[in-house]
Number of protein chains: 2
Amino acid sequence: MPHDICKISYIYMSGGMRMSDGPGTSERGLSRRNLLKRGLAIGGTAAAGLAGLRSAAAASAGGDPAITEIQDWNRYLGEGVVTRPYGTPSPFEAHVVRRDVSWLTADATSSVSFTPLHELEGIITPNGLCFERHHAGVAEVPPDEHRLMINGLVDRPLVFTMEDIKRFPRENRVYFLECAANSGMEWRGAQLNGCQFTHGMVHCVMYTGTPLRYLLEEAGVKTAGKWLLAEGADAAAMTRSIPMEKALDDCLVAWKMNGEALRPEQGYPVRLVVPGWEGNMWVKWLRRLEVGDQPWEQREETSKYTDLLANGTARKFTWGMEVKSVITNPSPQAPITHGRGRTVLSGLAWSGNGRIKRVDVSLDGGRNWHAARIDGPSLPMALHRFYYDFDWDGSELLLQSRAMDEEGFVQPTKSALRTVRGENSIYHNNGIQTWHLNAEGGLENVEVS
Amino acid sequence: MPHDICKISYIYMSGGMRMSDGPGTSERGLSRRNLLKRGLAIGGTAAAGLAGLRSAAAASAGGDPAITEIQDWNRYLGEGVVTRPYGTPSPFEAHVVRRDVSWLTADATSSVSFTPLHELEGIITPNGLCFERHHAGVAEVPPDEHRLMINGLVDRPLVFTMEDIKRFPRENRVYFLECAANSGMEWRGAQLNGCQFTHGMVHCVMYTGTPLRYLLEEAGVKTAGKWLLAEGADAAAMTRSIPMEKALDDCLVAWKMNGEALRPEQGYPVRLVVPGWEGNMWVKWLRRLEVGDQPWEQREETSKYTDLLANGTARKFTWGMEVKSVITNPSPQAPITHGRGRTVLSGLAWSGNGRIKRVDVSLDGGRNWHAARIDGPSLPMALHRFYYDFDWDGSELLLQSRAMDEEGFVQPTKSALRTVRGENSIYHNNGIQTWHLNAEGGLENVEVS
């Protein structure tokens, strides 16, 4: 372990007394807020009562070992329980928020906000930071009045209340949800300076719901029923065609995320979960499932969410999200501030095909690759967290990550993608991302050829 | 599937037109709020434009198939993106909160609030609903000023900034945290009417941190160093002794929960994670780790967090949380409202020894047992979700669950616990919980002998 990682700027001077032996100096019922109101500063007696930390400079200067500094938060009672029945982040974390790109869309009611991936760790996205994408704003749906209908090629058309849905067997699964347009701005070159904007249309939570097949079995899908139309209850009435094979496989009709009710912008009270497939199909505020014998060719699967190739034809029904990864730290929004020496490189990898098998990291723009360490639960179609711990020598680097999934698919370079698909695409860019690290620790979104 | 689960009170009348074929009726830029401000109600034209749901009663009366009812939320644009940069739950979920028992403690700054287990699903607790327990209120610690010291029997006493800590290799683990006093009020019989209060001093999140052993290795633990004192930076200066073997095994110095920074009431900016052991040892606002050759016998491990037996002696250092489970739905705060028929029984099980291997459910107070279905990730020292799907015939039941862990430990009855430990205890009650279900679907906390 390099010694320079520990900036010993403070040292504890106990004078032989254990810090924990001293009596507490907080006065019962005397909160910090009350003290501030009274304009009172506790002086020497309090400082003598509780050990604190003082600077190594003072200590090395041969100063008295008596306490010269005390941490403010040791001296006062904090807020009591249930000050916030529903808790909120520390005020020191106020910068950790979703951010939108209102310049990108004509209206905030059909727009997107991005998950701050550079501020997160592990594989679970907290509900308050999950990116949003909606086409007619966030519908306000009273759960008691909401209904889900199954109609079309079924033996028994049915309408379910939320309580009805909750009487079917439940499953809990951690899945990533990625918008097909994630990284879309990067098709024509490095555009946005931060992984929140280049890759922030992805989140990963534990969903609870009932397998869609149970509801379809209840209605009785006719033999000719090969497709399913999922429809949302918002003003956009979002509609997507889903092949019956997928619907009967692993889709969920979900009403919880990370344990609690879906957030309004995630489809409260109920949404479709289509594991590994593009987020647009995970219809929110789900109100109707129609069984048919062919796809419906809706707006969102023809003029949108198709991939216009160089020759003028378009790929359609490109549902699966391909193997992908990004380095979240360091990154343009999260520079290295500690100088040279031991550095933690942290990132995310995922694939709609299943688990991530391997992630490699390059420090030189793809010439040499090093195996990253995948840490934490490895769950199918969920985010995976990877690390590469290295000693930074202060030189400029070109940081890249490259993921491989359990089906053997390997994340391509952006130029390889363009060779196959041209430059007209918006969706399904899973190309390797590059951050240029400069000698000061700052980073920039760049492309290497 | 019993037919009565689907209350077909609404039916869709399409008149041959697919619901999704009609043009949207929302007017661009015309939000619901704006409409309400203008006192305008959209009338027949809007209703004709978008298919809606209407009651089966109207349909069966031979009424016209034209739409007679339209859902309000289909008609108006909702709020746009980043109205809430940090998202919040739906207003319809305002009842899903932590609740305190201020009558139980002398002051709110040394008290507890409880996780609403009956409102949650899966195994992840959202950060805003994780129970609180603190002894001098919630310390407000500026992360840039916070320091963590390692001193005592070490080669190199060290002081770490938060940035220093974050340069060590990281791990991500899902663990439950249970207060030793969880279910403590139940020692002398059924007391509190709801699993939020009987079992709500537990939560389960994904923690990110550095293994404690890396920091201890950096300081160099001397051969005589067999114990560790962990100390908090709040006004209580919470202190607990931890055997070095555990410290070097799986403890984490953690700064993230469910991906984001620790919440203030959970020890922001840094806490100790002591997997499988009682929550009191997971010292919050962690500021000091002292290495010693024997335990410190602090207040919180002598007069508190020990178990007074019937013969007047006390068990101490009873760190591990034993195998335990509780039925969260139905339960006193979450009665059955759907009447007879298919019913989902949902619950949680956990053990400080590792994974849960099996959960059994009884409907008759422990005479007959049925294997429950454990669903979702099964991770060591994490909550496990179990289900038992059954047809309720409307009769009175005595609901119980009994967990077994991978070490073979089986959850005991409360009376078996009392036989061994008497009735003086507060902590470590992992006895089987009983809910009495009455014919109306209501539930009550009871004991069966």
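As a reminder, the structure under discussion sits directly above these lines.
A brief structural summary. The shown structure was predicted, so the numbers you read here are calculated from the model rather than taken from an experiment.

Scoring rules and cut-offs
- Residues numbered from 1 in each chain as written.
- Chains lettered and ligands numbered in written order.
- Predicted model: local features only at pLDDT ≥ 70, side-chain atom pairs only at ≥ 80, totals over all residues.
- Heavy atoms only, no water.
- Helix = DSSP H or I, 4+ residues; strand = E, 2+ residues; numbered from the N terminus.
- Buried < 20%, exposed > 50% of the residue type's maximum accessible area, 1.4 Å probe, protein only.
- Areas by Shrake-Rupley, 256 points an atom, 1.4 Å probe, with all protein chains shown as cover.
- Pairing = 2+ DSSP bridges.
- Axes fitted to C-alpha atoms, helices over the stretch in contact; angles between N-to-C directions.
- Core = buried A, V, L, I, M, F, W, Y, C linked by side-chain atoms within 4.5 Å.
- Contact = heavy atoms within 4.5 Å.
- Disulfide = S-S within 2.5 Å.
- Buried area = accessible area lost by both parts, 1.4 Å probe.
- Salt bridge = Lys/Arg side-chain N within 4 Å of Asp/Glu carboxyl O.
- Polar contact = N/O pair within 3.5 Å; in protein donor to acceptor, adjacent residues only side chain to side chain.

Some thoughts on the overall build of chain A
1) Next: Scanning chain A from N- to C-terminus turns up 9 helices and 26 strands.
2) Next: In chain A, buried positions account for 62% of the 449 residues.
3) Next: Of the roughly 16,100 Å² that chain A leaves accessible, carbon and sulfur atoms contribute 50%.

Brief notes about the sheet that holds strand β18 (residues 324-329) of chain B
All names here are of chain B.
1) Next: Pairing within the open sheet is antiparallel, and its 4 strands lie in the order β18-β19-β23-β22. The open sheet has two edge strands with one neighbour each: β18 and β22 (373-375). The mean inter-strand angle of the sheet, taken between neighbouring strand axes irrespective of direction, is 35°.
2) Next: Relative to strand β23 (residues 384-392), β22 runs antiparallel, the two sharing 3 bridges. When the bridges of β23 are listed, Arg 373 appears paired with Tyr 387.

Digging into the nonpolar core
1) Next: In terms of nonpolar packing, the biggest core is built from 194 residues, with A:Tyr207 and B:Tyr207 touching the most fellow members.
2) Next: Non-local contacts of A:Tyr207, meaning those with residues more than four positions away in its chain, are made with A:Glu171, A:Asn172, A:Arg173, A:Tyr175, A:Leu177, A:Leu252, A:Ala254, A:Lys256, A:Met257, A:Arg271, A:Val273 and A:Trp282.

Regarding the environment of B:Leu192
1) Next: Position of B:Leu192 relative to the elements: it lies in the loop between β8 (171-178) and α6 (195-199).
2) Next: Considering only alpha carbons, one finds B:Leu192 and B:Asn445, 253 residues apart in sequence, at a separation of 6.9 Å.

Describing the state of the cysteines
All names here are of chain B.
1) Next: By the definition in use, this model includes 0 disulfides over all chains.
2) Next: Free of any disulfide, Cys 204 has its nearest neighbouring cysteine sulfur in Cys 130, separated by 8.9 Å.
3) Next: The class for Cys 204 is buried, based on a relative accessible area of 0%.

Here's the deal with the sheet that holds strand β26 (residues 443-446) of chain B
All names here are of chain B.
1) Next: Read from one edge to the other, the open sheet built from 5 strands follows the order β21-β20-β24-β25-β26, with strand pairing classed as antiparallel. Both outer strands of the open sheet, β21 (370-371) and β26, are each paired with one neighbouring strand and no more.
2) Next: Of the pairings in the sheet, the one linking strand β20 (residues 356-362) to strand β24 (residues 397-405) comprises 6 bridges and is antiparallel in character. Paired with Arg 358 across the two strands is Met 404, which belongs to β24.

A word on the interface of chain B and chain A
1) Next: Taken together, the contact between chain B and chain A spans 132 residues of the former and 130 residues of the latter.
2) Next: When chain B packs against chain A, the two sides together hide about 10,900 Å² of surface, and 57% of this comes from carbon and sulfur.
3) Next: Per-residue buried area on chain B facing chain A is highest for B:Trp73, B:Val81 and B:Arg167; these three make up 9% of the total on that side.
4) Next: Taken together, the connections running from chain B to chain A amount to 4 salt bridges.
5) Next: Taking the shortest distance from any N to any O, the salt bridge between A:Arg173 and B:Asp375 comes out at 3.2 Å.
6) Next: In this structure, the connection of chain B to chain A is made through 44 residue pairs in polar contact (both at pLDDT 80 or more).

Examining the pairing of strand β25 (residues 434-437) of chain B
Residues and elements named next belong to chain B.
1) Next: Side chains of β25 alternate between two faces, with Thr 434 and His 436 and Trp 435 and Leu 437 buried alike.
2) Next: Of the pairings in the sheet, the one linking β24 to β25 comprises 4 bridges and is antiparallel in character. Bridge assignment links Leu 398 to a residue of β25, and that residue is His 436.
3) Next: Two strands pair when backbone bridges link them, and β25 and β26 are joined in this way by 4 bridges, in the antiparallel orientation. Bridge pairing in β26 places Thr 434 opposite Val 446.
4) Next: Linking β25 back to β26 in an antiparallel pair, the connection comprises 5 residues, with Gly 441 at a positive phi of about 95°.

Everything listed is a geometric property; what it means functionally is a separate question.
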